[in-house]
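This is what each chain is made of:
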Amino acid sequence: MIDIETVRRDTAGLQHRAHLLACGSAVMPDAVLSAVTDHLMLEARTGGYEAADAKAAELDDVYNLVATLIGADKQEIALLESATAAWCHAFYSLELKPGDRVLTCQAEYAANYVAFLHRASRDGIVIDVVPDDDAGALDVEALEKMMDDRVALIAITWIPTNGGLVNPAVAVGEVARRYKVPYLLDACQAVGQMPVNVRELQCDFLSATGRKFLRGPRGTGFLYVRESVLLNTEPAMLDHFAAPWVSSDQYQLRSDARRFENWESSCALRLGLGVAVSYALSVGLENIQQRAWGLAGTLRQLLESKAGATILDAGSEHCAIVSFAIGGRDPVATVAKLRQQGINIGVSNPDSTRLDSESRELPVVLRAAPHYYNTEAELDQLVAGLIKLEKV
Ligand SMILES: Cc1ncc(COP(=O)(O)O)c(C=O)c1O
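Residues numbered from 1 in each chain as written. Predicted model: local features only at pLDDT ≥ 70, side-chain atom pairs only at ≥ 80, totals over all residues. Heavy atoms only, no water.

Novice: Go over the overall build of the protein chain with me, naming the residues and quoting the values.
Specialist: In terms of regular secondary structure, the protein chain is built from 16 helices and 15 strands. For 392 residues, the compact-globule estimate of 2.2 N^0.38 gives 21 Å, and the C-alpha radius of gyration of the protein chain, at 21 Å, lies within 12% of that figure. Along the three orthogonal principal directions, the C-alpha set of the protein chain runs to about 70 × 60 × 35 Å. Looking at the 392 residues of the protein chain, the share that counts as buried comes to 56%. Taking contacts inside the protein chain between residues at least 6 apart in sequence as the whole, the part at least 24 apart equals 70%. A total accessible area of about 16700 Å² is found for the protein chain, and carbon and sulfur atoms account for 51% of it. (Helix = DSSP H or I, 4+ residues; strand = E, 2+ residues; numbered from the N terminus. Rg over C-alpha atoms; globule rule 2.2 N^0.38 Å. Buried < 20%, exposed > 50% of the residue type's maximum accessible area, 1.4 Å probe, protein only. Contact = heavy atoms within 4.5 Å. Areas by Shrake-Rupley, 256 points an atom, 1.4 Å probe, with all protein chains shown as cover.)

Novice: Give me the domain arrangement of the protein chain: which residues, what numbers.
Specialist: Assigned domains within the protein chain: domain 1 (4-28 + 285-388) and domain 2 (31-282). Here the C-alpha centroids of domain 1 and domain 2 sit 26 Å apart. Between domain 1 and domain 2, the residue contacts involve 43 residues of the former and 37 residues of the latter. It is Met28, Leu285 and Leu355 in domain 1 that bury the most area against domain 2; as a group they hold 24% of the surface buried on that side. Between the two partners, domain 1 and domain 2, sit zero salt bridges. (Domains from an automatic or database assignment. Buried area = accessible area lost by both parts, 1.4 Å probe. Salt bridge = Lys/Arg side-chain N within 4 Å of Asp/Glu carboxyl O.)

Novice: I'd like a rundown of the side chain of His39, residues and numbers included.
Specialist: Take His39: it is sitting in helix H3 (residues 30-46). In contact with His39, not counting residues within four places along its chain, are Ser34, Ala51, Ala52, Lys55, Cys267, Ala268 and Leu271.

Novice: Could you give an account of the nonpolar core, naming the residues involved and the relevant values?
Specialist: Of all hydrophobic cores here, the largest spans 93 residues; its most connected members are Ile70, Ile154, Trp158, Leu206 and Phe324. If you tally residues by element for this core, the top one is helix H13 (residues 285-306), at nine residues. Here this core spans two domains, since at least three of its residues come from each of domain 1 (4-28 + 285-388) and domain 2 (31-282). Residue contacts for Leu206: discarding those within four places in its chain leaves Ile70, Leu185, Ala187, Val191, Val196, Val198, Leu201, Phe222, Leu223 and Tyr224. Listed in part, the 26 residues of the second largest apolar core include Ile127, Ala152, Val229 and Leu230. (Core = buried A, V, L, I, M, F, W, Y, C linked by side-chain atoms within 4.5 Å.)

Novice: Let's hear about the side chain of Asp100: which residues, and what values?
Specialist: Summarising the element assignment, Asp100 is placed in the loop between helix H6 (83-93) and strand E3 (101-105). Here Lys97 takes part through its backbone nitrogen, which lies 2.8 Å from a polar atom of the side chain of Asp100. Once residues within four sequence positions are removed from consideration, Asp100 is found in contact with Glu95, Ile125, Val126, Arg150 and Ala152. (Polar contact = N/O pair within 3.5 Å; in protein donor to acceptor, adjacent residues only side chain to side chain.)

Novice: Kindly report on the sheet that holds strand E6 (residues 183-186), identifying the contributing residues and their values.
Specialist: If you walk across this open sheet you meet the seven strands as E2-E8-E7-E6-E5-E3-E4, and the pairing is mixed. The open sheet is flanked by strand E2 (77-80) and strand E4 (126-130), the only strands paired with a single partner. Sheet twist, expressed as the average angle between the axes of neighbouring strands with direction ignored, equals 20 degrees. In this sheet, E4 lies alongside E3 in parallel orientation, the contact comprising five bridges. Following the sheet pairing, Leu103 is matched in E4 by Asp128. (Pairing = 2+ DSSP bridges. Axes fitted to C-alpha atoms, helices over the stretch in contact; angles between N-to-C directions.)

Novice: Please set out the site of the ligand residue by residue, giving values where relevant.
Specialist: Taken together, 13 residues sit near the ligand, with Thr84, Thr161, Asp186, Arg211 and Lys212 positioned nearest. Thr84 places a side-chain nitrogen or oxygen 2.6 Å from an oxygen atom of the ligand. Side-chain polar atom of Thr209 to an oxygen atom of the ligand: 3.2 Å apart, as the coordinates give it. Expressed as a share of its isolated accessible area of 390 Å², the protein-covered part of the ligand is 91%. (Near = heavy atom within 4 Å.)

Novice: Could you give an account of the packing of aromatic side chains, with specific residues and numbers?
Specialist: On inspection of all chains with the given rule, the structure shows seven aromatic pairs. For the ring pair Tyr113 and Phe116, a centre distance of 5.7 Å and an interplane angle of 80 degrees mean the geometry is edge-to-face. One end of the pair, Tyr113, and the other, Phe116, are both in helix H7 (residues 110-123), three residues apart, so they sit about a helical turn from each other. Connected via pairs of aromatic rings, a cluster forms that spans Trp87, Phe91, Tyr92, Tyr113 and Phe116. Lying across the ring of Phe91, Arg119 places its NZ or CZ 5.1 Å from the centre. (Phe/Tyr/Trp six-rings, centres within 6.5 Å; stacked < 30°, edge-to-face > 60°. Lys NZ or Arg CZ within 6 Å of the ring centre and 35° of its normal.)

Rendered as structure tokens:
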């Protein structure tokens, strides 16, 4: 059970606004903010290198914390500045030759799909999209039928940016393992809202951000690389941190996933990420999922029954992201007006998930994502706010 009052007391950002946009950027616990600002103060007072030395143990522990969060080992974690950076490091490290097939999903995130297109034009890879089942989630049977010797990668988004869909990431992992094909999972929207275990997922690479459901600072993300894959995976670019310069004509690639990092990084943000992960672990990922998904379910009912909204979430299982439309309402103006009322929600544009948006003919959709720290009263506030708005 989550002690909601304590959790809310721990977060100054929740005192004055109804923040219902954890899928965009959630509100940091005060302890996360302090970890970031305290370190910046330390850098200002003692010097950047000196501050890093003083916090060396805490900085190192961030790898342990992230590994614990996703059931990995410390050496399988690279800390990066965003989920996209993490995903791209993995994707561009893969040797793909002309004719190699990459299987992806209908709800794939824009940044990933643009990278597919880039390598289709540069390297001649073939992008094949696994169709959805009748409910709108990736169809695992269809995926299995698409497998052949030319499939060089399965890369899918677990939970998309534009709604409550939860793709069957574990079942996809089983197919990937059976066919011995690398599996790259975009878990950006999953991490922090539910338990995530890379061994259960059987993925080779997993990318995620800090700022969404994990409640970390902006500008943080991480990449998991399975240890056995690491040995055969060379990053697309290296520096002297990823691969120390050991003699004038030689470098030595690091043996851990930090071969995907560069020498320079924000210590302050990393420390903030570590505190965010500790916080999530102490609340409990099962507890978080139960409450956040429960609140989202309540919100869907309220939106439909009271605000005349159409819920647009695909799939039969729905997570904490609620996508919806209200006839005649301009979504962007709606978000702006709600913001003036102290209520934060967002939109998702069709070009963030173009395949899904085109096949379902989605407009710009409204997007709300309650987290475990929200209350039923805030859901009512959102619904009342929507009802109050005249046509905008
Ligand atoms: C499914 C998904 N993948 C990747 C990203 C990119 O994350 P970042 O902005 O941290 O690179 C997002 C961001 O919205 C996302 O929703």
